[in-house]
Amino acid sequence: MSYQVLARKWRPRKFAELVGQEHVVRALTNALDSGRMHHAYLFTGTRGVGKTTIARIFAKSLNCERGESADPCGECAVCTAVDAGRFVDLLEIDAASNTGVDDVREVIENAQYAPARGRFKVYLVDEVHMLSKPAFNALLKTLEEPPPHVKFLLATTDPQKLPVTVLSRCLKFNLKRLLPEQIAGQMRHILGAENIPYEDGAIGELARGADGSLRDGLSLLDQAIAYGGGTLRADDVRAMLGSVARGQVLGLLDALAAGDGAQLLAECERIASFSPDFGGVLDDLAATLHRLQLIQLVTGYRHEGGEADGDDALGTLAERMAPEDVQLYYQIATTGRRDLAMAPDARIGFEMAMLRMLAFRPGEAGAPTPAERAPRPVPAPRPAPAAPVALVTPRNESPAVRAAPSHAPPAQPAPTPAAPAPAAAAPSVQAPVPADARGLPHWESLIERAGLRGGMGQLAQNAALRERDGNTLVLVVQSMYMGLAVEPMVSQMADRIGDVLGERIKLRFVVDGQGAAQTPAARAATVREAAQSAAEQAIEDDPLVQSLKREFGARVVPQSIKPFES
Ligand SMILES: [Zn+2]
């Protein structure tokens, strides 16, 4: 039996199986059952939240041979054709990949002709704002006087780009990103049905990595099953995603709560030893701070979703930290995340964000407050505190001491949590990414600057930049690495690279054994081999070694020679 990817195998075939989007399902179901259908619907929302799935179920509902209803039979010729993606009266157009192609216009103009097999023609136009001008005009014309046998399902991630003339003719729904709990629930359901053993921690990691998209989540799940050889272990999944365990993030917060710079740096060091995706660590930190704040401010709040681990520790942290500090840390974590691409390297960016949390703690005795660092008109007899020393000196005051800084001048205004703004708003002066001989951005520099690590790093290191096609970078990989080039990783990678280049970038991966010889990984291997043979030669040439061989019949074991790391 051939292996079928989970996202396809478990694509919902009826509205009742759909995860999330209850508001859309209810509206469509009511309309179908009452026979009062609108002729055009507009779905807004990110990718992978169910647009195509909804369109297919909708097409079945309208055209099922056993009659129009919100609960199509799933067995007749029409239903099976739709499920197999070969129903002639369901026309799926992805405007993002088809801009400029003339026949899209023709396909839309053909809406006036009667359906070939069913009662209704259903048009699903994805990323509708990207249609070419002629295609868009054809769509507008059809929407103005829609033939009774046509239903339009339009989808866009960017509704602002649509003219009012379109918006006013559509019934609009916002498709929501799924919650990690919803994604995790569906994963458990599928794994149970497929008889695949799993650790619950692994599911939590994958659900968070899915970033609101069930399709991306299931594609990650597929990868993780392959990675773990048929089982799902949390550690494997973390290694695959380049994420770190929840406990690590709690260690950072513990150090912050203690105001202990040395401990904080030690935690950073420990996290860095996993070579994680530092952006992901900052995301985790921000998400944990969010939960912490809820525990602090919402009476009776308990995190739902079955992640009991760490909740006790969070409760303790919530008591040790001031609510306004939590706000500040959150702010710094998110801006630090944003600025990561501009940092000299991701680890420095991460550490600076962590140290900034320590440096800007409001009302902190010993830490330089913005007011103290500002030039003071009144001559101050005491020397200004030296910032770097203050940062790493362990402090052991209790929260009570912190709340009432005794040696601050009483007249000094209390620093506000908005303190990090000047630092975050400082304009970045970053040289552009160097170009290679072909005028393309130098790929290795790009990898470094975009901070591509973990799975993304592995894929990037084994890819070579072949060309640029519009805003698409075409990358060649050997076929064995093609399996890594999947969503959501590719989109995330494109976002990061786009951030560095300062424009929106797409990535396309193509398989080419020849072109892939020029990847960073291949070059590094060549350099390693050269260093190894140079080292072996140097040992052979060494007079002492030669005399040992001569006098004692000694023999050099080549594998035991290791070149110095430069
Ligand atoms: Zn049917």
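Remember, predicted model here, so these are calculated numbers, not experimental data. (Residues numbered from 1 in each chain as written. Predicted model: local features only at pLDDT ≥ 70, side-chain atom pairs only at ≥ 80, totals over all residues. Heavy atoms only, no water.)

Enquirer: Just checking my understanding: could you explain the pattern of salt bridges for this structure?
Expert: As a working rule, side chains carrying opposite charge can pair if their charged atoms are close by. Per the counting criterion, the structure on display carries 26 salt bridges. The closest approach of N and O atoms between Glu194 and Lys9, which form a salt bridge, is 2.8 Å. Taken as a pair, Glu194 in helix H9 (residues 180–194) and Lys9 in helix H1 (residues 6–9) lie far apart in primary sequence, 185 residues in all. Among the residues examined, Lys9 registers a relative accessible area of 32% and is labelled partly exposed. (Salt bridge = Lys/Arg side-chain N within 4 Å of Asp/Glu carboxyl O. Helix = DSSP H or I, 4+ residues; strand = E, 2+ residues; numbered from the N terminus. Buried < 20%, exposed > 50% of the residue type's maximum accessible area, 1.4 Å probe, protein only.)

Enquirer: Sorry, what's going on with the sheet that holds strand E7 (residues 472–477) here?
Expert: Through backbone hydrogen bonds, the strands of a sheet pair up, either in parallel or in antiparallel fashion. Taken together, the 3 strands give an open sheet; going across it, the order is E6-E7-E8, and neighbouring strands pair in mixed fashion. The sheet is open, and its two borders are formed by strand E6 (463–469) and strand E8 (506–511), each paired with just one other strand. Looking at each pair of strands side by side, their axes are set apart by 30° on average, direction ignored. The pairing of E6 with E7 spans 6 bridges and is classified as antiparallel. Directly across from Ala464, in E7, lies its bridge partner Val476. (Pairing = 2+ DSSP bridges. Axes fitted to C-alpha atoms, helices over the stretch in contact; angles between N-to-C directions.)

Enquirer: Mind showing me how you'd approach the packing of helix H10 (residues 200–209) against helix H12 (residues 234–241) here?
Expert: How two helices pack is summed up by the angle between their axes together with the distance between the axes. Relative to each other, H10 and H12 sit at 25°, their axes nearing to 7 Å. Taken as axis vectors, H10 and H12 run roughly parallel relative to one another. Along the contact surface, H10 presents Gly201, Ala202, Glu205 and Leu206, while H12 presents Ala234, Val237, Arg238, Met240 and Leu241. In terms of residue class, the contact of H10 with H12 is made up of 6 nonpolar, 1 polar and 2 charged. (Parallel < 35°, antiparallel > 145°, perpendicular 65-115°, else oblique. Contact = heavy atoms within 4.5 Å. Nonpolar A, V, L, I, M, F, W, Y, C, P; charged D, E, K, R; others polar.)

Enquirer: Which parts of the structure should I look at to understand the coordination of the zinc ion?
Expert: Coordination angles at a metal have ideal targets, namely 109.5 degrees for four tetrahedral donors and 90 or 180 degrees for six octahedral donors. Those donors, Cys64 (SG), Cys73 (SG), Cys76 (SG) and Cys79 (SG), are the protein atoms that reach the zinc ion, and they lie 2.3 Å from it. Because the angles between the 4 donor atoms bound to the zinc ion fall within 100 to 118°, the donor set is best described as tetrahedral. (Donors = N, O, S within 2.8 Å, 3.2 Å for Na, K, Ca; no water. Tetrahedral: all angles 85-135°; square planar, octahedral: opposite > 155°, others 65-115°.)

Enquirer: Can you walk me through the sheet that holds strand E2 (residues 90–94) in this structure?
Expert: Pairing is parallel across the open sheet formed by 5 strands, whose spatial order is E2-E3-E4-E1-E5. Each end of this open sheet is capped by a strand with a single partner; those strands are E2 and strand E5 (171–174). For this sheet, the mean inter-axis angle between neighbouring strands, taken without regard to orientation, is 15°. As judged from the 5 bridges shared by strand E1 (residues 40–44) and strand E4 (residues 150–156), these two strands associate in the parallel manner. Across the sheet, the residue bridging to Phe43 is Ala155, located in E4. Helix H3 (residues 51–63) contacts E1, E2, strand E3 (121–126) and E4 of the sheet and is inclined by roughly 170° relative to E3. This element, helix H7 (residues 133–144), spans E1 and E4 of the sheet and lies at about 135° to E4.

Enquirer: Where do I start with unusual backbone geometry in this structure?
Expert: For Glu127, which is not glycine, the phi torsion reads 50° and is therefore positive. One can find Glu127 in the loop between E3 and H7. Backbone geometry at Asp211 places phi at a positive 55°, although glycine is not the residue there. Locating Asp211 in the fold gives a position in the loop between H10 and helix H11 (214–227).

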